[in-house]
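Residue strings, one per chain:
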Amino acid sequence: MQFLKMLFWCLLAFLAAAFTLGNWTTVPIRLVGGLVADVNLPLLLFLTFLLGLVPTLIWQHAARWRLRQRLNASERALAAATATTETGPYVAPNDPAPLPIQPTV
């Protein structure tokens, strides 16, 4: 399994390198105030990829943190509930035996 994972990442790196070498052109970007920035196309695509990835990762980490906090709170509540009921086995009180029912005449 480790071999397949390594093969996948090597193939992905090769494809990224081939794409970068094949598309190494500059793209003009018009900025505020009439400024023009010449950016390489692979760098621009990588930055736009990160622009979409980073907020999603932040949201995912926040959701996992929130779920982890809820799980910890539930586990603490369960431990507290079981600790109060684990006082020992139930022992019936020493009540006298009930009187037998006498038939009425």
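All of these numbers come straight from a predicted model, not from anything done at the bench.

**Q** I'd like a rundown of the overall build of the protein chain, residues and numbers included.
**A** Each helix and strand in the protein chain was counted, giving two helices and two strands. Traced from its N-terminal end to its C-terminal end, the protein chain shows the element sequence α-β-β-α. When the 105 residues of the protein chain are sorted by exposure, 3% land in the buried category. Counting only carbon and sulfur atoms, one obtains 71% of the accessible surface of the protein chain, whose full area is about 10000 Å².

**Q** Explain a nonpolar patch on the surface to me, using residue names and the numbers behind them.
**A** Taken together, the side chains of Leu43, Phe46, Leu47, Phe49, Leu53 and Leu57 make up a nonpolar region of the molecular surface, amounting to roughly 560 Å² of accessible area. Within the fold, phenylalanine 46 resides in helix α2 (residues 41-85).

**Q** Outline the packing of aromatic side chains, supporting the account with residue identities and numerical values.
**A** Two aromatic rings, taken as a pair, are described by how far apart their centres are and by the angle between their planes. In total, this model carries one aromatic pair according to the counting rule given. Ring centres 5.3 Å apart and planes at 70° place the aromatic pair phenylalanine 8 and tryptophan 9 in the edge-to-face group.

Analysis parameters
- Residues numbered from 1 in each chain as written.
- Predicted model: local features only at pLDDT ≥ 70, side-chain atom pairs only at ≥ 80, totals over all residues.
- Heavy atoms only, no water.
- Helix = DSSP H or I, 4+ residues; strand = E, 2+ residues; numbered from the N terminus.
- Buried < 20%, exposed > 50% of the residue type's maximum accessible area, 1.4 Å probe, protein only.
- Areas by Shrake-Rupley, 256 points an atom, 1.4 Å probe, with all protein chains shown as cover.
- Patch = residues over 30% accessible without salt bridge, like charges linked within 9 Å, V, L, I, M, F, W, Y side chains within 5 Å.
- Salt bridge = Lys/Arg side-chain N within 4 Å of Asp/Glu carboxyl O.
- Phe/Tyr/Trp six-rings, centres within 6.5 Å; stacked < 30°, edge-to-face > 60°.

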